[in-house]
Every structure is written in C-alpha cells, then in structure tokens.
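So the chains spell out like this:
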Amino acid sequence: MREIILGLKDQLSFLPEIHFFERIKNFSFENLLIVGMGGSHLAGDLLKTFFPEKKIFLHENYDLPLWFKKDFKKTLIVLSSYSGNTKEVLSALDEVLKLKLKSIVVSANGLLLEKAEKFKLPYLKLPSGLQPRFALGYSFVAFLKILKEEKFLKKMRKLLSFFEIEKLEKEGKKLAESLKNKIPLIYASQRFLSLAYIWKIQFNETAKIPAFFNFFPELNHNEMTGFDINDKTKFLSEKFYFIFLKAQEDDHRIKKRMDVLKEIFKIKNFSVKIIEFPLREEILEVFSFISLAQWTSFYLSLFYKTNPLEVPVVEEFKKRLKE
C-alpha cells in the first residue's frame, strides 16, 4: 500500500499515447464533457480546479446529459472508466455511437477498451492493477494530453523533483491519530472543492469510515448552523472532526472565513484543523493535499483494521444490482 501512495509521483510522469488519434486530430472543440463515476472522474474535478476558465463539464450518471444537439457538435466527450466495465459509462458510449459524436476513451481494461478497438474510437490506455482512486495521476495526465496542455505537463514534470511524498507520510500518520473515532468533515473554498471531495473519497473507500464535505462561503449560510449546539443536540456533533483545506490561491475573504469559523468552533469545543502548504507552485500544493489525504486514510485503515484496497460493499452492491 505504501508503494502505491509513493507511486503518485511516477504516475504524474506517465507518457500516454492516443490510439486512433487521427479521428479527432483536426476536431476543434469548445466543451470537454467527462463521463465517469467514482475514482474515474476525480481527474476531471482536478482539471476544473486548474483550468477554471475552460468549459469542462462532468457527467456522473447513465447515458449523456440532456443537451441540445448543437452543443454536442462542439463538444469532445471523454468516456472515463478505469475498469472499463462501468455500466453508466458504457451506456454513454452507446449514446455516443448512436448519435455519432466525437469522443475519446480513457481506461485500463474491460469492455470500454474492447469497444474502442472495435469501432476505432480514439483511446488512451492506462496502466492497470490499481483501484481507480489510486490511479488519479495516470488519469490526470491522460486528461491533460486530451486538452493538449503540453506546457502544463512539461511544467508539472519539472516540479516533480520537489514533490516530497515521503515527508507527508509523517504528517498523515499524525493526523490519523487525531481522527481516531471521529467523523471527518472536510471544508474547502469552492475553487478547490475537488480537493475536499478527494479527501472524502479517500476516507470512505480506504479507511471505510463516513466522511462529508462542503465549501466556503456557501456553508456559512446554512451548514454551520447545524452545529449551533445546546444540551439536547450536543451528542449529535461530538464525533465530527473539521478539516479546513486552505489553498494559497484562495480569496483573502475566504481565508478570513476559515479563520473566523475555526475560532467559533473552538469555543464550542469542536476539533478543528486548518491544513495549508506554504508552497509557491500550485501544482505541488494541490498534489500535496492529495498525498496527505492518501496517507491519512491509509493510517486510519490500519487503526480500524480495514483493507485499504478492497471495496466489498461496492462489489456486493454490483452483484445484487445484476446489471
């Protein structure tokens, strides 16, 4: 498991190849629509974080979103499923073929790759053998390749020598100690909401514990009032541990909201931790947040004696669904 977490750096050095690239080589698109579920769409969330100015949309459902035909004509659809057998994504592929839309497949195995070969659809094959959430680096590089963000890729690879995953292990182990017998509630700014979601997913799938997320400033208008405790509601909130992810590029007003809310929660005797990395480069900062989430959830899995790699409830659900 440690090797998998340490492997994130190598994943970000991945050199993907687009098969049947000539099918979309000259296709100029305004929108990028990423269809994916679970860990297979996390790289899409990150794309939106790094490129907020681009028209990047996520679809986490069956088929395709209910768009006008004219919108699909200027859209490249990314069909992302690490296993290659995700039912929702396969249903979207059926729609793509039916409507003759421009698409590209990102996968490591399965029916998705088989169909891409059969219908000569452009595709990127990822290295296999991981849980989707732990293949985030591979997927992210593949998505950057699709977006033709060669400058970003070049810069990211240059920065990898400064990415100190090993040092983050100690911090993750320490944070896991604080989180024992607690329910994590992760907050970030709206700009960096993808990071809060990735933390939640790591806690859910790796540590097998409930975890929740939200974003500033919206939560200041509703969710935080759920912790305005009295003697009768105190027991409902005692298990929560609040984690605020404070990014360097966050608006100064958002940073102030984090600090003020921490003060209020501390008065109420809640456990609160603000996590920030004083790094100049946003790429290193973002992946430091992600690596810390992986280490923390891993050490929590050791505490709870859960298997960090298996997802038995998901497998049982699929079996009962019989799709």
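Rules of the game
Residues numbered from 1 in each chain as written. Predicted model: local features only at pLDDT ≥ 70, side-chain atom pairs only at ≥ 80, totals over all residues. Heavy atoms only, no water. Axes fitted to C-alpha atoms, helices over the stretch in contact; angles between N-to-C directions. Helix = DSSP H or I, 4+ residues; strand = E, 2+ residues; numbered from the N terminus. Parallel < 35°, antiparallel > 145°, perpendicular 65-115°, else oblique. Left-handed = near helix turned anticlockwise from the far one by under 90°. Contact = heavy atoms within 4.5 Å. Patch = residues over 30% accessible without salt bridge, like charges linked within 9 Å, V, L, I, M, F, W, Y side chains within 5 Å. Areas by Shrake-Rupley, 256 points an atom, 1.4 Å probe, with all protein chains shown as cover. Salt bridge = Lys/Arg side-chain N within 4 Å of Asp/Glu carboxyl O. Buried < 20%, exposed > 50% of the residue type's maximum accessible area, 1.4 Å probe, protein only. Pairing = 2+ DSSP bridges. Right-handed = clockwise from strand over helix to strand, strands pointing away. Polar contact = N/O pair within 3.5 Å; in protein donor to acceptor, adjacent residues only side chain to side chain. Lys, Arg positive; Asp, Glu negative; His and termini not counted. Phe/Tyr/Trp six-rings, centres within 6.5 Å; stacked < 30°, edge-to-face > 60°. Lys NZ or Arg CZ within 6 Å of the ring centre and 35° of its normal. Arc of directions from axis to C-beta.

Novice: In this structure, what is going on with the packing of helix H3 (residues 42-50) against helix H7 (residues 136-146)? I would like to understand it.
Specialist: A packed helix pair is summarised by two numbers, namely the angle formed by the two axes and the spacing between the axes. Their axes nearest at 8 Å, the elements H3 and H7 cross at an angle of 55 degrees. Between H3 and H7, the crossing angle belongs to the class labelled oblique. Along this stretch, H3 crosses H7, giving a crossing that reads as right-handed. From H3, Leu42, Ala43, Gly44, Leu46, Leu47 and Phe50 reach across to H7, where they touch Leu136, Ser139, Phe140, Phe143 and Leu144.

Novice: Teacher, can you tell me more about the environment of Glu166 here?
Specialist: Summarising the element assignment, Glu166 is placed in helix H9 (residues 165-179). For the pair formed by Glu166 and Phe277, sequence separation is 111 residues and the distance between their alpha carbons is 15 Å.

Novice: Help me out: how do you make sense of a nonpolar patch on the surface in this one?
Specialist: A cluster of nonpolar residues, Tyr62, Phe317 and Leu321, forms a patch on the protein surface that exposes about 300 Å² of accessible area. Its location among the elements puts Leu321 in helix H14 (residues 312-321).

Novice: For this particular structure, what's the right way to read the pairing of strand S9 (residues 240-245)?
Specialist: The side chains of a regular strand alternate, first on one face of the sheet and then on the other. Counting buried residues along S9, 6 of its 6 residues qualify, which places the element largely inside the surrounding structure. Covered by surrounding structure in S9 are Phe240, Phe242 and Phe244 together with Tyr241, Ile243 and Leu245, the residues of both alternating faces. With 6 bridges joining them, strand S7 (residues 183-189) and S9 adopt parallel strand pairing. What sits directly across from Tyr187, in S9, is Phe244. Here S9 pairs with strand S10 (residues 271-275) via 5 bridges, running parallel. Residue pairing in the sheet places Tyr241 in a bridge with Ser271 of S10. You can see the chain leave S9, run along helix H12 (residues 252-267) and come back into S10, and the turn it takes is right-handed.

Novice: In this structure, what is going on with the side chain of Ser40? I would like to understand it.
Specialist: Along the polypeptide, Ser40 turns up in the loop between strand S2 (31-36) and H3. A polar contact of 3.0 Å, which involves the side chain of Ser40, links it to the backbone nitrogen of Tyr82. In this structure, Ser40 is in contact with Ser80, Ser81, Tyr82, Pro132 and Phe143, ignoring residues within four places of it in sequence.

Novice: Honestly, the side chain of Asp45 in this entry has me stumped. Any pointers?
Specialist: Its location among the elements puts Asp45 in helix H3. Put simply, Asp45 is tucked away with no salt bridge, and the nearest opposite charge, on Lys48, sits 7.2 Å away. For Asp45, the side chain forms a polar contact with the side chain of His41, separated by 2.7 Å. Ignoring sequence-local partners within four residues, the contact set of Asp45 consists of Leu58, Ser194 and Tyr197.

Novice: What is the right way to look at the sheet that holds S7 in this model?
Specialist: Pairing between the strands of a sheet comes from backbone hydrogen bonds, and it takes one of two forms, parallel or antiparallel. Strand order in this open sheet of 4 strands is S8-S7-S9-S10, and the pairing throughout is parallel. Lying at the two open borders of the sheet, with one neighbouring strand each, are strand S8 (212-216) and S10. In this sheet, adjacent strand axes meet at a mean angle of 20 degrees when their direction is disregarded. Each of S7, S8, S9 and S10 touches helix H10 (residues 193-207); the most contacted strand, S8, lies at about 170 degrees to it.

Novice: Honestly, the packing of aromatic side chains in this entry has me stumped. Any pointers?
Specialist: Aromatic ring pairs are defined here through the distance separating the ring centres and the angle between the ring planes. Enumeration according to the criterion identifies 27 aromatic pairs in this entry. Taken together, a centroid distance of 6.3 Å and an interplanar angle of 40 degrees make the contact between Phe240 and Phe242 tilted. Given the relative accessible area of 16%, Phe240 is considered buried. What links up through ring pairs into an aromatic cluster is the set Tyr187, Phe216, Phe227, Phe240, Phe242, Phe244, Phe265 and Phe270. Between the NZ or CZ atom of Lys70 and the centre of the ring of Phe68, over which it lies, the distance is 5.8 Å. Taking NZ or CZ as reference, Lys102 lies 6.0 Å from the ring centre of Phe27, over its face.

Novice: What's the story with helix H8 (residues 150-159) in this structure? I'm lost.
Specialist: Each α-helix winds once per 3.6 residues, and so residues spaced three or four apart point in a common direction. Restricting attention to buried positions, one finds in H8 the residues Phe152, Leu153, Met156 and Leu159. Across the axial projection of H8, the buried residues extend over an arc of 130 degrees, all falling on one side. Seen from the buried face of H8, the exposed residues on the opposite side, beyond 90 degrees, are Lys151, Lys154 and Lys158. In this structure, the buried side of H8 is in contact with H3, H7 and helix H13 (282-304).

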